[in-house]
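# Architecture and fold: a report
This is what each chain is made of:
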Amino acid sequence: MDKQTILIVDDEKEIRELIEIYLANEGYNTLKATNGEEALEMIASHHVDLIILDIMMPKKDGIQATMELRKTKNMPIIMLSAKTQDMDKIHGLTSGADDYLTKPFNPLELIARVKSQLRRYYVLNSEKPRNENVLTLDDITINIGTREVKKGEKDIKLTKTEFDMLEYMTRNVGIVLSVEKIYENVWKEEFLESENTVMVHIRKLREKIEDDPRNPRYIKTVWGVGYKVEK
(Lines give C-alpha, C1' and ligand atoms only; values in the text may rest on other atoms or scores of the structure.)
Protein backbone atom coordinates (compact mmCIF):
# COMPACT_ATOMS: atom_id res chain seq x y z
CA MET A 1 0.00 0.00 0.00
CA ASP A 2 1.25 3.51 -0.79
CA LYS A 3 2.14 5.76 2.12
CA GLN A 4 -0.91 7.46 3.55
CA THR A 5 -0.94 11.23 3.80
CA ILE A 6 -2.01 13.09 6.94
CA LEU A 7 -2.82 16.80 6.89
CA ILE A 8 -1.86 18.56 10.14
CA VAL A 9 -3.75 21.82 10.68
CA ASP A 10 -2.73 23.96 13.66
CA ASP A 11 -1.67 27.58 14.07
CA GLU A 12 1.04 26.59 16.57
CA LYS A 13 4.27 25.69 14.80
CA GLU A 14 5.57 23.57 17.69
CA ILE A 15 2.49 21.37 17.68
CA ARG A 16 2.59 20.92 13.90
CA GLU A 17 6.22 19.88 14.05
CA LEU A 18 5.70 17.55 17.04
CA ILE A 19 2.85 15.72 15.32
CA GLU A 20 4.83 15.57 12.08
CA ILE A 21 7.76 13.86 13.83
CA TYR A 22 5.58 11.15 15.36
CA LEU A 23 3.67 10.55 12.10
CA ALA A 24 6.90 10.36 10.08
CA ASN A 25 8.26 7.79 12.55
CA GLU A 26 5.20 5.65 11.75
CA GLY A 27 5.82 5.95 8.01
CA TYR A 28 3.13 8.51 7.10
CA ASN A 29 3.51 11.35 4.63
CA THR A 30 2.50 14.70 6.10
CA LEU A 31 1.19 18.04 4.87
CA LYS A 32 0.85 21.09 7.12
CA ALA A 33 -1.47 24.10 7.22
CA THR A 34 -1.78 26.95 9.70
CA ASN A 35 -5.53 27.62 9.48
CA GLY A 36 -8.79 26.25 8.07
CA GLU A 37 -8.67 28.35 4.93
CA GLU A 38 -5.20 27.08 4.03
CA ALA A 39 -6.28 23.51 4.85
CA LEU A 40 -9.22 23.64 2.42
CA GLU A 41 -6.95 24.96 -0.34
CA MET A 42 -4.47 22.15 0.31
CA ILE A 43 -7.17 19.46 0.27
CA ALA A 44 -8.39 20.78 -3.09
CA SER A 45 -4.97 20.18 -4.64
CA HIS A 46 -3.59 17.14 -2.74
CA HIS A 47 -4.78 13.65 -1.87
CA VAL A 48 -5.32 13.49 1.90
CA ASP A 49 -6.20 10.31 3.83
CA LEU A 50 -6.86 11.87 7.24
CA ILE A 51 -6.91 15.33 8.82
CA ILE A 52 -5.72 16.34 12.30
CA LEU A 53 -7.45 19.66 12.84
CA ASP A 54 -7.19 22.22 15.62
CA ILE A 55 -10.40 24.06 16.49
CA MET A 56 -9.16 27.51 17.56
CA MET A 57 -7.41 29.06 14.53
CA PRO A 58 -7.44 32.41 12.71
CA LYS A 59 -9.21 33.11 9.39
CA LYS A 60 -11.31 29.91 9.45
CA ASP A 61 -11.50 27.77 12.56
CA GLY A 62 -11.70 23.98 12.72
CA ILE A 63 -15.47 23.85 13.10
CA GLN A 64 -16.05 26.04 10.03
CA ALA A 65 -13.47 24.12 8.00
CA THR A 66 -15.02 20.76 8.94
CA MET A 67 -18.54 21.83 8.02
CA GLU A 68 -17.35 23.11 4.65
CA LEU A 69 -15.23 20.01 4.05
CA ARG A 70 -18.09 17.63 4.82
CA LYS A 71 -20.07 19.02 1.88
CA THR A 72 -17.77 17.12 -0.50
CA LYS A 73 -15.22 14.99 1.41
CA ASN A 74 -15.50 11.94 3.65
CA MET A 75 -11.99 11.27 4.98
CA PRO A 76 -11.56 10.89 8.77
CA ILE A 77 -11.10 14.06 10.83
CA ILE A 78 -9.56 14.11 14.30
CA MET A 79 -10.12 17.41 16.09
CA LEU A 80 -7.71 18.91 18.62
CA SER A 81 -8.76 21.50 21.17
CA ALA A 82 -7.63 23.06 24.43
CA LYS A 83 -11.32 23.11 25.42
CA THR A 84 -12.26 20.19 27.65
CA GLN A 85 -15.97 20.76 28.28
CA ASP A 86 -18.40 18.10 27.03
CA MET A 87 -20.32 20.69 24.98
CA ASP A 88 -17.13 21.62 23.10
CA LYS A 89 -16.58 17.97 22.26
CA ILE A 90 -20.20 17.59 21.19
CA HIS A 91 -19.93 20.71 19.00
CA GLY A 92 -16.83 19.31 17.31
CA LEU A 93 -18.38 15.91 16.65
CA THR A 94 -21.65 17.46 15.51
CA SER A 95 -19.83 19.51 12.89
CA GLY A 96 -18.63 16.27 11.25
CA ALA A 97 -15.45 15.20 13.06
CA ASP A 98 -14.86 11.48 13.69
CA ASP A 99 -12.80 11.85 16.86
CA TYR A 100 -11.77 14.52 19.38
CA LEU A 101 -8.64 14.89 21.51
CA THR A 102 -8.01 17.60 24.10
CA LYS A 103 -4.75 19.49 24.53
CA PRO A 104 -2.29 18.80 26.00
CA PHE A 105 -2.37 15.32 24.48
CA ASN A 106 -0.11 12.30 24.50
CA PRO A 107 1.36 12.01 20.95
CA LEU A 108 1.25 8.22 21.22
CA GLU A 109 -2.49 8.35 21.91
CA LEU A 110 -2.94 10.57 18.86
CA ILE A 111 -1.02 8.08 16.71
CA ALA A 112 -3.19 5.24 18.04
CA ARG A 113 -6.32 7.18 17.08
CA VAL A 114 -4.92 7.95 13.63
CA LYS A 115 -4.29 4.25 13.03
CA SER A 116 -7.74 3.34 14.32
CA GLN A 117 -9.49 5.84 12.04
CA LEU A 118 -7.49 4.81 8.98
CA ARG A 119 -8.09 1.12 9.70
CA ARG A 120 -11.83 1.73 9.85
CA TYR A 121 -11.80 3.89 6.75
CA TYR A 122 -9.72 1.62 4.51
CA VAL A 123 -8.99 -1.88 5.85
CA LEU A 124 -12.42 -2.65 7.28
CA ASN A 125 -14.13 -1.21 4.21
CA SER A 126 -12.05 -3.41 1.92
CA GLU A 127 -13.33 -6.48 3.77
CA LYS A 128 -16.94 -5.66 2.91
CA PRO A 129 -18.45 -7.55 0.00
CA ARG A 130 -18.33 -5.58 -3.25
CA ASN A 131 -21.60 -6.91 -4.58
CA GLU A 132 -24.84 -4.96 -4.49
CA ASN A 133 -25.73 -5.85 -0.91
CA VAL A 134 -28.76 -3.74 -0.02
CA LEU A 135 -30.46 -3.16 3.32
CA THR A 136 -33.81 -1.41 3.64
CA LEU A 137 -35.72 0.46 6.33
CA ASP A 138 -39.16 1.09 4.90
CA ASP A 139 -38.41 3.83 2.31
CA ILE A 140 -34.69 4.04 3.18
CA THR A 141 -32.28 2.05 1.01
CA ILE A 142 -28.73 1.36 2.21
CA ASN A 143 -26.39 0.09 -0.50
CA ILE A 144 -23.43 -1.57 1.22
CA GLY A 145 -21.47 -2.06 -2.00
CA THR A 146 -21.56 1.59 -3.08
CA ARG A 147 -22.08 3.04 0.43
CA GLU A 148 -25.01 5.09 -0.82
CA VAL A 149 -28.17 5.86 1.14
CA LYS A 150 -31.46 6.95 -0.38
CA LYS A 151 -34.75 7.96 1.17
CA GLY A 152 -37.23 7.40 -1.59
CA GLU A 153 -35.50 9.06 -4.54
CA LYS A 154 -33.53 11.49 -2.38
CA ASP A 155 -29.80 10.90 -1.78
CA ILE A 156 -28.82 11.08 1.90
CA LYS A 157 -25.22 12.15 2.38
CA LEU A 158 -23.65 10.44 5.40
CA THR A 159 -20.17 10.58 6.87
CA LYS A 160 -18.15 7.38 7.17
CA THR A 161 -19.09 6.98 10.83
CA GLU A 162 -22.77 7.75 10.26
CA PHE A 163 -22.96 5.15 7.47
CA ASP A 164 -21.22 2.50 9.58
CA MET A 165 -23.59 3.20 12.47
CA LEU A 166 -26.70 3.02 10.27
CA GLU A 167 -25.48 -0.20 8.65
CA TYR A 168 -24.69 -1.85 11.99
CA MET A 169 -28.00 -0.89 13.59
CA THR A 170 -30.01 -1.87 10.49
CA ARG A 171 -28.35 -5.30 10.44
CA ASN A 172 -29.65 -5.64 14.00
CA VAL A 173 -33.13 -4.25 13.35
CA GLY A 174 -35.50 -4.64 16.30
CA ILE A 175 -32.66 -5.44 18.73
CA VAL A 176 -31.91 -3.03 21.59
CA LEU A 177 -28.22 -2.09 21.34
CA SER A 178 -26.34 -0.55 24.25
CA VAL A 179 -24.18 2.54 23.75
CA GLU A 180 -21.14 0.39 24.56
CA LYS A 181 -22.06 -2.24 21.96
CA ILE A 182 -22.67 0.41 19.28
CA TYR A 183 -19.36 2.11 20.01
CA GLU A 184 -17.28 -1.07 19.98
CA ASN A 185 -18.87 -2.34 16.74
CA VAL A 186 -18.72 0.96 14.86
CA TRP A 187 -15.47 2.44 16.16
CA LYS A 188 -13.78 -0.99 16.46
CA GLU A 189 -12.08 -0.13 19.73
CA GLU A 190 -12.68 -0.55 23.46
CA PHE A 191 -15.48 1.54 24.95
CA LEU A 192 -14.07 4.11 27.38
CA GLU A 193 -16.67 6.62 28.58
CA SER A 194 -17.81 7.45 25.04
CA GLU A 195 -21.54 8.04 25.62
CA ASN A 196 -21.37 11.54 24.13
CA THR A 197 -19.64 10.30 20.98
CA VAL A 198 -22.42 7.81 20.23
CA MET A 199 -25.16 10.26 21.25
CA VAL A 200 -23.87 12.99 18.92
CA HIS A 201 -23.66 10.66 15.92
CA ILE A 202 -27.14 9.26 16.62
CA ARG A 203 -28.46 12.83 16.69
CA LYS A 204 -26.76 13.72 13.40
CA LEU A 205 -28.04 10.52 11.80
CA ARG A 206 -31.58 11.29 12.90
CA GLU A 207 -31.32 14.80 11.46
CA LYS A 208 -30.49 13.28 8.09
CA ILE A 209 -32.90 10.34 7.85
CA GLU A 210 -35.88 11.24 10.06
CA ASP A 211 -38.76 13.45 8.96
CA ASP A 212 -39.02 14.67 12.56
CA PRO A 213 -35.75 14.06 14.47
CA ARG A 214 -37.44 14.96 17.78
CA ASN A 215 -39.99 12.21 17.21
CA PRO A 216 -37.90 9.57 15.42
CA ARG A 217 -39.55 6.90 13.34
CA TYR A 218 -36.51 4.70 12.65
CA ILE A 219 -33.92 5.13 15.44
CA LYS A 220 -35.66 4.74 18.79
CA THR A 221 -34.18 5.54 22.20
CA VAL A 222 -34.66 2.85 24.84
CA TRP A 223 -34.15 4.89 28.00
CA GLY A 224 -31.49 3.54 30.33
CA VAL A 225 -30.46 0.86 27.83
CA GLY A 226 -29.51 2.22 24.40
CA TYR A 227 -31.04 2.43 20.93
CA LYS A 228 -32.79 0.24 18.41
CA VAL A 229 -33.77 0.54 14.74
CA GLU A 230 -37.34 -0.22 13.76
CA LYS A 231 -38.75 -0.76 10.27
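Residues numbered from 1 in each chain as written. Predicted model: local features only at pLDDT ≥ 70, side-chain atom pairs only at ≥ 80, totals over all residues. Heavy atoms only, no water.

Going by the annotation in an unreviewed UniProt entry, the name recorded for the chain is Stage 0 sporulation protein A homolog, with Youngiibacter multivorans given as the source organism. Taken verbatim from the UniProt record of the chain, the Function (unreviewed entry) comment is "May play the central regulatory role in sporulation. It may be an element of the effector pathway responsible for the activation of sporulation genes in response to nutritional stress. Spo0A may act in concert with spo0H (a sigma factor) to control the expression of some genes that are critical to the sporulation process." (UniProt positions renumbered as here; feature names shortened; annotations may be inferred.)

### Quick notes on the environment of Glu-14
Among the structural elements, Glu-14 can be located in helix 1 (residues 13-25). According to the relative accessible area criterion, Glu-14 is exposed, its value standing at 59%. Along the primary structure Glu-14 and Lys-208 are separated by 194 residues, whereas in three dimensions their C-alpha atoms are 39 Å apart. (Helix = DSSP H or I, 4+ residues; strand = E, 2+ residues; numbered from the N terminus. Buried < 20%, exposed > 50% of the residue type's maximum accessible area, 1.4 Å probe, protein only.)

### Topic: helix 2 (residues 36-45)
Side chains of residues three or four places apart in an α-helix project in the same direction, reflecting 3.6 residues per turn. When we look at burial in helix 2, the residues that qualify are Gly-36, Ala-39, Leu-40, Met-42 and Ile-43. The arc that holds every buried residue of helix 2, seen down its axis, measures 165°, which confines them to one face. Exposed residues on helix 2 whose side chains face more than 90 degrees from its buried face are Glu-41, Ala-44 and Ser-45. On its buried face, helix 2 sits against strand 1 (5-9), strand 2 (29-33), strand 3 (50-54) and helix 3 (62-69). Where helix 2 begins, one side-chain oxygen reaches toward the backbone nitrogen of Glu-37, 3.0 Å away; that side chain belongs to Asn-35. (Arc of directions from axis to C-beta. Contact = heavy atoms within 4.5 Å. Polar contact = N/O pair within 3.5 Å; in protein donor to acceptor, adjacent residues only side chain to side chain.)

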